[in-house]
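# Close look at the chain arrangement
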Amino acid sequence: MPTILIVDDEPRIRQLICEHLQHAGFDCLEAGDGGEALATLEKGGIDLVILDVMMPFMDGMTCLRQMRARRMLTPVIMLTARGEEYDKLAGLEGGADDYVVKPFSPRELVARVRAVLGRTLPKEREAGGRYAYGRLAIDTASHSVKVDGQEIALTPKEFDLLVFLAGNRGLALSREKILQKVWNYDYYGEDRTVDTHIKMLRGHLGPCRDYIVTVWGIGYKFEPDAAKG
């Protein structure tokens, strides 16, 4: 049974989320600020974090940056009372997998949790498949990616995106298709979400960044043979 860490400085919100998640079959832990959340994550056993942005002592964005800096790759859904595009993109670029704007529907939040945890993955990953393209190696069994023999750290969403692209080598994939397959059919996403994650993924890939080709007017494709490096 997946364990969800709910991080919010308002006890009533934590209780509301916890009640709905438990009813949906999840185990829940709670934290009142980012520092407490990091201490809980250090103990392990957390499958997903629901992280509020505005909190005292340590806010959600600082907590998220600390998580990723410490290579804690646990999926994160951000809670924010601000719906501006800048705040959404800041969370995604910081390593979040999704965001929910307050006030939110608890049922929608549960659906998003399920989408993140139960996203559709390529069959090759389930079978422990491996990919090797030039300077890039992907091992879906060990959930690892190496560039020039050096392992690089990706968030779970970035890894799933790379595997999906590599598993459809040479095919032009629309943003809608990528959203459907990587974020699952019930994800409430936007095209910009794909673009943001592609940008982050390319940054991690370094000399292999050109393996991901932009197909103007459509989306993206994985084409290592067309890369410059």
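Everything in this summary refers to the structure shown in the same document. Since the structure is predicted, the reported quantities are computational estimates derived from the model, not experimental observations. Per chain, residue numbering runs from 1 following the sequence as it is written. Since the coordinates come from a predicted model, pLDDT governs what is reported: local features require at least 70, and pairs of side-chain atoms require 80 or more to be given and counted, while whole-chain, interface and lining totals use all residues. Each side-chain value is derived from all of the structure's non-hydrogen atoms; neither hydrogens nor water enter the calculation.

### Let's talk about the sheet that holds strand E10 (residues 173-174)
- Taken together, the three strands give an open sheet; going across it, the order is E10-E12-E11, and neighbouring strands pair in antiparallel fashion. The outermost strands of the open sheet, each flanked by one partner alone, are E10 and strand E11 (212-215).
- The rule for pairing is simple: two strands pair if DSSP sees at least two bridges between them. For the purposes of this entry, the term helix denotes a DSSP run of H or I that reaches at least four residues, the term strand denotes a run of E that reaches at least two, and both are numbered from the N terminus. Bridge analysis of E10 against strand E12 (residues 219-222) gives two bridges, and the strand direction is antiparallel. Its bridge partner lying in E12, Ser174 is registered against Gly219.
- Should any heavy atoms of two residues lie within 4.5 Å, those residues are considered in contact. Every axis in this analysis is a line fitted to C-alpha atoms, fitted for helices over the stretch in contact. Angles between the N-to-C directions lie between 0 and 180 degrees. In the packing of helix H7 (residues 156-167) onto the sheet, contacts are made with E10, E11 and E12, and the angle to E12 comes to roughly 70°.

### Structural notes on the packing of aromatic side chains
- Whether two aromatic rings pair depends on their centres lying within 6.5 Å, for rings of Phe, Tyr and Trp, where Trp uses its six-membered ring; planes under 30 degrees apart make the pair stacked, over 60 edge-to-face, and the rest tilted. Inspection of every chain in the model, using the stated rule, returns two aromatic pairs.
- A centroid spacing of 6.1 Å and a plane angle of 85° characterise the contact between Tyr211 and Phe222, whose relative ring orientation is edge-to-face. Taken together, the positions of Tyr211 in the loop between helix H9 (191-205) and E11 and Phe222 in strand E12 put the pair 11 residues apart, joining distant regions of the chain. Of the two residues examined, Tyr211 and Phe222, each falls in the buried class.
- Taken together, the ring pairs connect Tyr133, Tyr211 and Phe222 into an aromatic cluster. Accessible area is worked out with a 1.4 Å probe on protein chains only. A residue is then buried under 20% of its type maximum, exposed over 50%, and partly exposed in between.

### Quick word on the sheet that holds strand E6 (residues 130-133)
- Taken together, the four strands give an open sheet; going across it, the order is E6-E7-E8-E9, and neighbouring strands pair in antiparallel fashion. Two strands in the sheet have a free side with no partner beyond their single neighbour: E6 and strand E9 (150-152). Each neighbouring strand pair of the sheet contributes to a mean axis angle of 20°, computed without reference to strand direction.
- Sheet analysis places E6 next to strand E7 (residues 136-139), joined by four bridges and oriented antiparallel.

### A short note on the pairing of strand E8 (residues 144-147)
- Pairing of E7 with E8, which is carried by four bridges, proceeds in the antiparallel orientation. Bridge pairing in E8 places Asp139 opposite Ser144.
- Between E7 and E8, which pair antiparallel one after the other, the connecting turn spans four residues, and His143 there sits at a positive phi close to 60°.
- Where E8 meets E9, three bridges bridge the pair, whose relative direction is antiparallel.

### Observations concerning the environment of Met200
- Topologically, Met200 is positioned in helix H9.
- Considering only alpha carbons, one finds Met200 and Gly95, 105 residues apart in sequence, at a separation of 8.6 Å.

### What about the state of the cysteines?
- Criterion for a disulfide: a pair of cysteine sulfur atoms at a distance within 2.5 Å. Summed over all chains, the structure comprises zero disulfides.
- Its sulfur unpaired, Cys18 is 3.8 Å from the next cysteine sulfur, which belongs to Cys28.

### Describing helix H5 (residues 106-117)
- For a helix, the expected span equals 1.5 Å multiplied by the number of residues minus one. In this model, H5 (12 residues) spans 17 Å end to end at C-alpha, consistent with the 16 Å of a helix rising 1.5 Å per residue.
- Along H5, the positions that sit buried rather than exposed are Leu109, Val110, Ala111, Arg112, Val113, Ala115 and Val116.
- The inward-facing, buried residues of H5 abut strand E1 (3-7), helix H1 (11-23), strand E3 (48-52), strand E4 (76-80) and strand E5 (98-101).

### Some points on H1
- For H1, which comprises 13 residues, the first-to-last C-alpha distance of 18 Å matches the rise-based estimate of 18 Å (1.5 Å per residue) to within 8%.
- Every buried residue of H1 is listed here: Ile13, Arg14, Ile17, Cys18 and Leu21. For H1, the arc enclosing every buried residue in end-on projection is 130°, short of the 170-degree limit, so these residues lie on one face. Away from its buried face by more than 90 degrees, H1 exposes Pro11, Arg12 and His23.
- Taken from the residues just after H1, Gly25 is the one with a positive phi, measuring 100°. Here the arc refers to the directions that run from the helix axis out to each C-beta atom.

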